[in-house]
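# Structural characterization, general
Each chain, letter by letter, is given below.
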Amino acid sequence: MLDVAGRPCVVVGGGRVAERKVDALLQAGAHVTVVSPQLSPRLEALAAQGLIQSHRDLYQAGLPALAAARLVFAATDDAAVNRAVRLEAEARGQLVSVADDPEASAFVLPAVVRRGRLTLAVSTAGASPSMAAAVRRQLEETFGLEYEAYLDLLHELRLAVQEALPDSGQRQQLFRGMLDWPLLALLRDGRFGEREREELRKRTLQARTPEDIERLGSWLGSLRQ
């Protein structure tokens, strides 16, 4: 996966297809410029809020925004324009994606589910974006909002254990045991607050063996009762 956070990206086109590309880029933290004489109502709203930049004109070769882009998306309803955008980007060695033409694209933008540190991407290699969206919706139901807090907590505990235990093999045993804890259920049910978080951190720092981690799991299980 390519990290585009804070990077300039350009979408040529101002309709529904362009909207989907822009939404995905904004979720990834990119700085987005849209090139089109007309924008859809949603893109107009994003521009008015300052969330995207807009170049209100037809595509022309040599646009400075295009030259500076990390990723380029050709998303118009004109195949000739899309081809021209692709050829210009390819001539500069830029990565370019062409709407409805995966064979001509250097990459395909996947359907993405984000839960904090967790990113799940689904792609059908351009065969069926609708199927990718359907699978994404299923993943959104399976991996709920609690996963963001869950991974933040695991990260915090991992850093604490790394400082406390010098033996990497011993640490890995503890980390694997933590995955059996009923933390997700506690977070989902709203039964794991700041007091329980601090107590878990304190107890985890005292753990040295997989048996210690298992006992901690039993303690966490008692919080559900």
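Now for a description of the structure that goes with this document. Note that the structure is predicted; figures quoted are calculated from it, not measured.

Procedures and definitions
What you see as residue numbers is a count from 1 along each chain, following the sequence as written. Local features in this predicted model are restricted to residues whose pLDDT is 70 or higher, and side-chain atom pairs enter the listing and the counts only when it is 80 or higher, whereas totals over whole chains, interfaces and linings include all residues. The side-chain numbers reported here are obtained from all heavy atoms of the structure, hydrogens and water having been left aside. Partly exposed residues are those whose accessible area sits between 20% and 50% of the maximum for their type, while under 20% is buried and over 50% is exposed, using a 1.4 Å probe and protein chains only. Note on conventions: DSSP H or I runs of at least 4 residues are helices, E runs of at least 2 residues are strands, and numbering of each starts at the N terminus. Throughout, the arc means that of the directions going from the helix axis to the C-beta atoms. We define a polar contact as two N or O atoms separated by no more than 3.5 Å, with the added condition that, inside protein, one atom must be a possible hydrogen donor and the other a possible acceptor, whereas residues neighbouring each other in sequence contribute only through side-chain atom pairs. Points on a 1 Å grid over protein atoms alone make up a cavity when a 1.4 Å probe fits among them but cannot get out, and a pocket when they form an open set with protein on both sides within 12 Å along at least five of seven lines; lining residues each have an atom within 4 Å of a point. Grid points are joined across faces, edges and corners, and a volume is the space filled by probe spheres set on the points. Here the term charged refers only to Asp, Glu, Lys and Arg, the term nonpolar to Ala, Val, Leu, Ile, Met, Phe, Trp, Tyr, Cys and Pro, and the term polar to all other amino acids, Gly among them. By definition, residues are in contact when any of their heavy atoms lie within 4.5 Å. Any Lys or Arg side-chain nitrogen found within 4 Å of a carboxyl oxygen on Asp or Glu counts as a salt bridge. DSSP bridges decide pairing: two strands pair if at least two such bridges lie between them. Comment: axis = line fitted to C-alpha atoms, over the contacting stretch for helices; angle = value between 0 and 180 degrees taken between N-to-C directions.

### Here we look at helix α7 (residues 168-178)
One turn of the α-helix equals 3.6 residues, which is why residues spaced by three or four share an orientation. Within the sequence span of α7, burial applies to Arg171, Leu174, Phe175, Gly177 and Met178. Considered in projection along α7, the buried side chains sweep an arc of 160° and stay on one side of the axis. Measuring from the side-chain oxygen of the N-cap residue of α7 to the backbone nitrogen of glycine 169 gives 2.9 Å; that N-cap residue is aspartate 167.

### Some points on the layout of surface pockets
For the largest pocket, the calculated volume is near 760 Å³. The wall of the largest pocket is formed by 31 residues, among which Arg20, Lys21, Leu109, Pro110 and Pro129 lie closest to the centre. Counting only elements with at least two residues in the lining of the largest pocket, the list comes to α1 (16-27), β5 (95-98), β6 (111-115) and α5 (129-142). Grouping the constituent residues of the lining of the largest pocket by class yields 16 nonpolar, 7 polar and 8 charged.

### Points about the side chain of arginine 86
Along the polypeptide, arginine 86 turns up in helix α4 (residues 79-91). Given the relative accessible area of 17%, arginine 86 is considered buried. Non-local contacts of arginine 86, meaning those with residues more than four positions away in its chain, are made with Val96, Val98 and Ala104.

### Describing the environment of glutamine 173
Locating glutamine 173 in the fold gives a position in helix α7. For glutamine 173, a relative accessible area of 39% puts it in the partly exposed group. When the C-alpha positions of glutamine 173 and valine 85 are compared, they lie 52 Å apart, and in sequence the two are 88 residues distant.

### Quick notes on the pattern of salt bridges
The final tally for this structure, using the stated rule, is 14 salt bridges. The salt bridge involving arginine 117 is made with aspartate 152; its shortest N-O contact spans 3.0 Å. One end of the pair, arginine 117, is in the loop between β6 and β7 (118-122); the other, aspartate 152, is in helix α6 (residues 146-164), and 35 residues separate them in sequence. One salt bridge connects arginine 197 with glutamate 156, and the closest N-O pair in it is separated by 2.8 Å. Residue arginine 197 is located in helix α9 (residues 194-206), and its partner glutamate 156 is located in helix α6; the two are separated by 41 residues in the primary sequence. Overlapping salt bridges bring together Glu156, Arg197 and Arg201 as one network.

### What about the sheet that holds strand β3 (residues 53-55)?
Spatial ordering of the open sheet is given by β3-β2-β1-β4-β5, a layout of 5 strands whose pairing is parallel. Strands at the two margins of the open sheet, each flanked by one partner only, are β3 and β5. Neighbouring strand axes in the sheet, compared pairwise and without regard to direction, differ in orientation by 20° on average. Each of β1 (8-12), β2 (31-35) and β4 (71-74) touches α1; the most contacted strand, β1, lies at about 170° to it. Running over the sheet, α4 touches β1, β4 and β5 and is turned about 165° from β5.

In short, geometric facts, not functional conclusions.
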